[in-house]
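Structure at a glance
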Amino acid sequence: MDAAIVRWLNDGVGVIPWLDDAINVVVSDYFTPVALSLLLLGVWFGGKTTASRELHQRAALIAMLGVAFGNLAVQIIGAFTFRDRPFINESLELLFYQPTDSSFPANPAVVGAAIAAGLWGANRLLGAAAFVLAGLWGASRVYAGVSYPTDILAGAAIGIIVVMAVTLVVRRIEPLPTMVIQLAQRFYLA
Amino acid sequence: MEDLGRDYLILVFLASLGVIQIAVAHAGLTKLLFLKRTPLAYALGLTFIVAGFTWFFWDGPRHIPDTAGGLDGNDQGWRFAVSALAAVSFTVLTTSALNHRAGHRPPTTPNGLESLRDHTYIESLPTGLRSLWEERPPWMRR
């Protein structure tokens, strides 16, 4: 089933050249991660009131911690499991370079979902936009032939679960997060 | 690697300038705007973002594995932080110069970004630093 979806999506490569060009950019290591990180930067400055700004800044901190711990989780899982990339086992038209690390879980999906879930906690609209962007990133990796759908789904689940855990921990370690924001406020950066 | 790393820094710097302009225009932090009129600030911000991404991806999608000169996650992380911080610094310093008014009094209380509706960053900073010094913990007092 997993491989069939990859083959079905990858069959589209070369059919619509402009779509391939667009996906080539979305799947890049530099487009979506930068776009999602810029969302966090915007959220940091964009609240209209002090209270809303603090809520958003807390969400940005949670998202950043979520990315860090999500990456750690991927490293730990990668130490125990290895899954070949789809292009190893299938005859695919690659739109990307050939990564050598484990296909499972997809690290980009962890990063995308962690940022989106972190934002979702403070701003549903921006959170939804981030989820769409992260979803496109994941889908483009399947289309490009470098990830299986289950790699993406597992990565997204890890990202969301890690952010939920980080949110609980951040509540537990109050007033530390508030102190970080208040310190930044003294420098007029929060 | 060096070219890609440098280009990545420039991409993030330009796009961060744009995002900050859009965000502070939305928040009404007028003393952080390069242009006084909010619609122009949105347009300028969008221009920075589009310019950064267009320039970076002009020659293609840059699919380079990190084993062959691409940037891995850690590399991207610190470069993003450095470049975004540079964009923040550039914004606060430039807008302080652009929006400076002679004889304008600094804020009386450190209200964080909220103060930057009416005061420039450079006007405000001494108030924040003073309050930090006055409220320093006992172990820092002699």
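In what follows, the structure referred to is the one given above.
To keep things clear, this report deals only with the structure shown in the data block. (Residues numbered from 1 in each chain as written. Chains lettered and ligands numbered in written order. Predicted model: local features only at pLDDT ≥ 70, side-chain atom pairs only at ≥ 80, totals over all residues. Heavy atoms only, no water.)

Glancing now at the overall build of chain B. Within chain B one finds four helices and zero strands. Helices and strands in chain B line up, N terminus first, as α-α-α-α. Judged by the C-alpha coordinates and their principal axes, chain B covers about 55 × 45 × 20 Å. Here chain B holds 142 residues, and the buried ones make up 44% of them. Expressed as a percentage of contacts within chain B between residues at least 6 apart in sequence, the contacts between residues at least 24 apart total 65%. Summing over all exposed atoms, chain B offers an accessible surface of approximately 7,800 Å²; the carbon and sulfur share of this is 63%. Counting 13 positive and 12 negative side-chain charges, chain B places the averaged centre of each group 15 Å from the other. (Helix = DSSP H or I, 4+ residues; strand = E, 2+ residues; numbered from the N terminus. Buried < 20%, exposed > 50% of the residue type's maximum accessible area, 1.4 Å probe, protein only. Contact = heavy atoms within 4.5 Å. Areas by Shrake-Rupley, 256 points an atom, 1.4 Å probe, with all protein chains shown as cover. Lys, Arg positive; Asp, Glu negative; His and termini not counted. Charge placed at Lys NZ, Arg CZ, Asp CG, Glu CD.)

Before going further, it helps to spend a moment on a nonpolar patch on the surface. All names here are of chain A. Where nonpolar side chains cluster on the molecular surface, the patch consists of Leu 65, Phe 69, Leu 72, Ile 76 and Phe 80 and spans about 540 Å² of accessible area. Mapped onto the fold, Leu 65 is located in helix α4 (residues 50-80). A relative accessible area of 37% means that Leu 65 is categorised as partly exposed. (Patch = residues over 30% accessible without salt bridge, like charges linked within 9 Å, V, L, I, M, F, W, Y side chains within 5 Å. Salt bridge = Lys/Arg side-chain N within 4 Å of Asp/Glu carboxyl O.)

In this assembly, 33 residues from chain A lie in contact with 46 residues from chain B. Between chain A and chain B the total buried area reaches about 3,200 Å² when both faces are included, carbon and sulfur atoms providing 70% of it. On the chain A side of the contact with chain B, Tyr 30, Arg 186 and Tyr 188 of chain A bury the most area, a combined 31% of that side's loss. Where chain A meets chain B, there are two salt bridges. Across the pair Glu 114 of chain B and Arg 53 of chain A runs a salt bridge, and its minimum N-O distance is 3.1 Å. Counting across the interface, chain A meets chain B through 14 residue pairs in polar contact (both at pLDDT 80 or more). (Buried area = accessible area lost by both parts, 1.4 Å probe. Polar contact = N/O pair within 3.5 Å; in protein donor to acceptor, adjacent residues only side chain to side chain.)

With that out of the way, let us pick up helix α6 (residues 107-120) of chain A. All names here are of chain A. The end-to-end C-alpha separation of α6 is 20 Å, in line with the 20 Å expected for 14 residues at 1.5 Å each. Most of α6 sits inside the fold, with twelve of its 14 residues counted as buried. Of the positions making up α6, those classed as buried are Pro 108, Ala 109, Val 110, Val 111, Gly 112, Ala 113, Ala 114, Ile 115, Ala 116, Ala 117, Gly 118 and Leu 119. Close packing links the buried residues of α6 with α3 (31-46), α4, α7 (124-144) and α8 (149-172). (Expected span 1.5 Å × (residues − 1).)

Residue and element names in this part refer to chain A. Along the chain, the position of Asp 151 falls in helix α8. Here the side chain of Asp 151 touches Tyr 148 through a polar contact of 2.8 Å, landing on its backbone nitrogen. Residues within four places of Asp 151 in sequence aside, it is in contact with Arg 83, Ser 103, Phe 104, Pro 105 and Ala 106.

The subject of this paragraph is the environment of Phe 13 of chain B. All names here are of chain B. Mapped onto the fold, Phe 13 is located in helix α1 (residues 2-27). When the C-alpha atoms of Phe 13 and Ile 49 are compared, they prove to be 9.4 Å apart, with 36 residues separating the residues in sequence. Leaving out residues up to four positions away in the same chain, Phe 13 has contacts with Ser 83, Ala 86, Ala 87 and Phe 90.

As a further point, take the nonpolar core. Of all hydrophobic cores here, the largest spans 63 residues; its most connected members are Val 34, Leu 38 and Phe 45 of chain A together with Tyr 8 and Phe 53 of chain B. In terms of residue count, α1 of chain B provides more of this core than any other element does, twelve residues in total. For Phe 53 of chain B, the contacting residues outside a window of four places in its chain are Phe 31, Val 34, Ala 35 and Leu 38 of chain A together with Leu 11 and Ala 15 of chain B. Among the nonpolar cores identified, the runner-up in size contains 18 residues, and Ala 3, Val 13, Ala 109 and Val 146 of chain A belong to it. (Core = buried A, V, L, I, M, F, W, Y, C linked by side-chain atoms within 4.5 Å.)

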